[in-house]
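Structural overview for review
These are the residues of each chain, in order.
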There are 2 protein chains.
Amino acid sequence: MVADVLRRQIHDGDLTDALDERALIADFNVSRNTIRDALAILTEERLIERAPRVGTHVVARKLDHGLDALQGLKETFRMHGEVRNTVKIATLVDAPRAVARRLQLVDAQAVYIERLRYLDDEPISLDITYLVPDLGIPLLEHDLENNDVFTLLEQISGGPLGHATMTVEAVDADPHSAAHLEIGSGTSLLLLERLTHLAHESRPVDLEYIRMRSDRVCLRSTARREVAGS
Amino acid sequence: MVADVLRRQIHDGDLTDALDERALIADFNVSRNTIRDALAILTEERLIERAPRVGTHVVARKLDHGLDALQGLKETFRMHGEVRNTVKIATLVDAPRAVARRLQLVDAQAVYIERLRYLDDEPISLDITYLVPDLGIPLLEHDLENNDVFTLLEQISGGPLGHATMTVEAVDADPHSAAHLEIGSGTSLLLLERLTHLAHESRPVDLEYIRMRSDRVCLRSTARREVAGS
């Protein structure tokens, strides 16, 4: 689809300024309507703006969030701006059974943190975090507004994090998330569920549900071919 | 969020049958309204169904699509059912400039394929594929209805595929995609852009834009911690 190719060009910085409808028609060898549909999609995604006389311009680029390397948001975007967090909730809770099982909790208590995360002045992610209490309770004493949970977990545990298993889904923004993220209700969001383990004990310590604005962030990854097998 | 935890339990097969509202209220320690909101989200996502008298039941589980291993859909889902493809378009085209650059095309011609992909009787993915002509033209002679493009590329090139770079986004379904995928227009879809290289030549040969139904498929990946660096 035309919108997909253009979206990628914007993302890569190959398209940085004005888009010319006639040039696009020639390049893609499609009808004017097809180009207009594509530009409407990108306008809806807030990557371009169209105005009479001024024409069509690129106004935003998405940021890359690597799926291969396990990094907090502040680490990931340190070249792009300042990440700060508004902490909505940070407290000890009785964890739901499913959370208790995944974090292998003994007495079903977990630290629960809800943060709205900004890159400079723009909300980009709404994160829900469950932490094992032996690390989570000390973590509550730290500056959660200006630090990634990953960095704090490594400070408190005295060792590095190891690996994380992740699931990526596309979900409609519910009204609560939409209001916080300053987008329309129903807008497509990336939902990343991530279970992170300590390296030296290989136990799970951090279960997160991260809703990212897909108009601002895209996930990058690399895959290798393996023999398909039987 | 309650819906996220339940979604994951359904996905893992921990919740397979009836959901009891009162048990959920106790487990999550939240209000009845919060549980009802969560169940409404999962109903909307077609993972559960709610009916008077019958109560609330799990009706679907998402399928895992691994982002780490580079596999075609037929390979990925071979344990879950039969993948077949309806080929909408398969022809040589003048590639748009951005595609030509990414596939390093010499004369800007590429093979363009549009396929609607079914798992058993359900459409799960709408794929747009651009192939380099030296592999793509011979590929057009093969059975595209019943084979992954990856498998055919390896047959034709006589060697294995190597690696792929991928970008994952969440996008609203446009009317065309929605109609093909049998979902509502505006529903959140996973959009996977994937550029695949041949192993022995490490040249890019296959650029794909894959729209997957997020109510049926989720992407899985693993990340490792690296030293954050300066």
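Residues numbered from 1 in each chain as written. Chains lettered and ligands numbered in written order. Predicted model: local features only at pLDDT ≥ 70, side-chain atom pairs only at ≥ 80, totals over all residues. Heavy atoms only, no water.

- Chain A is annotated in an unreviewed UniProt entry as GntR family transcriptional regulator from Gordonia lacunae.

**What to know about the domain arrangement of chain A**
Residues and elements named next belong to chain A.
- Each assigned domain of chain A is listed with its residue range as follows: domain 1 (2-58) and domain 2 (63-220).
- In this complex, domain 1 contributes six residues to the contact, which on the side of domain 2 involves eight residues.
- Between domain 1 and domain 2, roughly 400 Å² of surface is buried when both sides are summed, and carbon and sulfur atoms account for 33% of that area.
- In this structure, the connection of domain 1 to domain 2 is made through two salt bridges.
- Here arginine 46 and aspartate 215 are joined by a salt bridge, their closest N and O atoms 3.5 Å apart.
- Grouping the amino acids of the side of domain 1 that touches domain 2 by side-chain chemistry returns one nonpolar, one polar and four charged. (Domains from an automatic or database assignment. Contact = heavy atoms within 4.5 Å. Buried area = accessible area lost by both parts, 1.4 Å probe. Salt bridge = Lys/Arg side-chain N within 4 Å of Asp/Glu carboxyl O. Nonpolar A, V, L, I, M, F, W, Y, C, P; charged D, E, K, R; others polar.)

**Digging into helix α3 (residues 32-44) of chain B**
Residues and elements named next belong to chain B.
- Under the 1.5 Å per step criterion, the end-to-end length of α3 is 18 Å for 13 residues, consistent within 8% with the ideal 18 Å.
- Among the residues making up α3, those that are buried are Ile35, Ala38, Leu39 and Leu42. Buried positions in α3, seen along its axis, are confined to an arc of 95° and lie on one side of it. Facing away from the buried surface of α3 by more than 90 degrees, the exposed residues are Asn33, Asp37 and Glu44.
- Arginine 46 occupies a position one or two residues after α3 and carries a positive phi of about 60°. (Helix = DSSP H or I, 4+ residues; strand = E, 2+ residues; numbered from the N terminus. Expected span 1.5 Å × (residues − 1). Buried < 20%, exposed > 50% of the residue type's maximum accessible area, 1.4 Å probe, protein only. Arc of directions from axis to C-beta.)

**Focus on the side chain of A:Arg8**
- The topology assignment puts A:Arg8 in helix α1 (residues 2-12).
- Residue A:Arg8 is classed as buried on the basis of its relative accessible area of 11%.
- Each residue touching A:Arg8, except ones within four places of it in the same chain, is listed here: A:Arg220, B:Arg102, B:Thr167, B:Glu193 and B:Tyr209.

**Some details on the packing of aromatic side chains**
- Taken as a whole and assessed by the stated rule, the structure comprises two aromatic pairs over all chains.
- With centroids separated by 5.2 Å and ring planes inclined at 65°, the aromatic side chains of B:Tyr112 and B:Tyr130 adopt a geometry described as edge-to-face. A residue pair is termed long-range when its members are at least 10 positions apart, and B:Tyr112 in strand β7 (residues 109-119) and B:Tyr130 in strand β8 (residues 122-131) qualify at 18 residues.
- Accessibility expressed as a relative area gives 13% for B:Tyr112, which makes it buried.
- Here the basic side chain of A:Arg84 rests over the ring of A:Tyr118, its NZ or CZ set 4.7 Å away from the ring centre. (Phe/Tyr/Trp six-rings, centres within 6.5 Å; stacked < 30°, edge-to-face > 60°. Lys NZ or Arg CZ within 6 Å of the ring centre and 35° of its normal.)

**Thoughts on the pattern of salt bridges**
- Enumeration according to the criterion identifies 58 salt bridges over all chains in this entry.
- In this structure, B:Asp14 and A:Arg101 form a salt bridge, with 3.2 Å as the shortest nitrogen-oxygen distance. Separated into two different chains, B:Asp14 in the loop between α1 (2-12) and β1 (18-19) and A:Arg101 in helix α5 (residues 97-102) make up a pair that spans both.
- A salt bridge links A:Glu122 to A:Arg213; the shortest N-O distance between them is 3.6 Å. In this pair, A:Glu122 sits in strand β8 (residues 122-131) while A:Arg213 sits in strand β11 (residues 204-213), placing the two residues 91 residues apart along the sequence.
- A:Glu122 gets classed as partly exposed once you look at its relative accessible area, which sits at 27%.
- Shared partners join several salt bridges into a network, and the residues in it are A:Arg8, A:Asp12, A:Asp64, A:Arg220, B:Arg102 and B:Glu193.

**Here we look at the pairing of strand β9 (residues 161-172) of chain A**
- The element β9(A) is largely enclosed, with a buried count of nine among its twelve residues.
- Strand direction decides the pairing type here: β9(A) and strand β10 (residues 188-198) of chain A, joined by ten bridges, are antiparallel. Among the inter-strand pairings, A:Ala170 is bridged to a residue of β10(A), identified as A:Leu190.
- Two strands pair when backbone bridges link them, and β9(A) and strand β12 (residues 217-225) of chain B are joined in this way by six bridges, in the antiparallel orientation. If you follow A:Met166 over to β12(B), its bridge partner there is B:Ser221. (Pairing = 2+ DSSP bridges.)

**Observations concerning the relation of the copies chain A and chain B**
- Least-squares fitting of chain A to chain B yields an RMSD of 0.0 Å, with the transformation described by 0.0 Å of translation along the axis and a rotation of 180°. This pairing of chains is accounted for by a two-fold axis. (Least-squares fit on C-alpha atoms with pLDDT ≥ 70 in both.)

**Some points on the sheet that holds strand β2 (residues 48-51) of chain A**
All names here are of chain A.
- With antiparallel pairing, the three strands of this open sheet are ordered in space as β1-β3-β2. At either end of the open sheet lies a strand with only one pairing partner, and these are β1 (18-19) and β2.
- In the sheet, β1 pairs with strand β3 (residues 55-58) via two bridges, with the strands oriented antiparallel. The residue bridging leucine 19 from the neighbouring strand is threonine 56, located in β3.
- Sheet strands touched by helix α3 (residues 32-44): β1, β2 and β3. Its angle to β2, the strand with the most contacts, is close to 120°. (Axes fitted to C-alpha atoms, helices over the stretch in contact; angles between N-to-C directions.)

**Some details on the environment of A:Thr167**
- Looking at the element boundaries, A:Thr167 is found in strand β9.
- Overall, A:Thr167 belongs to the buried group, its relative accessible area being 4%.
- Taking the C-alpha atoms as reference, A:Thr167 lies 8.0 Å from A:Leu191; in sequence the two are 24 residues apart.
- With near-sequence residues (within four places) excluded, A:Thr167 lies in contact with A:Leu191, A:Leu192, A:Glu193, B:Arg8, B:Cys218, B:Leu219 and B:Arg220.
- Side chain to side chain, A:Thr167 and B:Arg8 meet in a polar contact 3.1 Å long. (Polar contact = N/O pair within 3.5 Å; in protein donor to acceptor, adjacent residues only side chain to side chain.)

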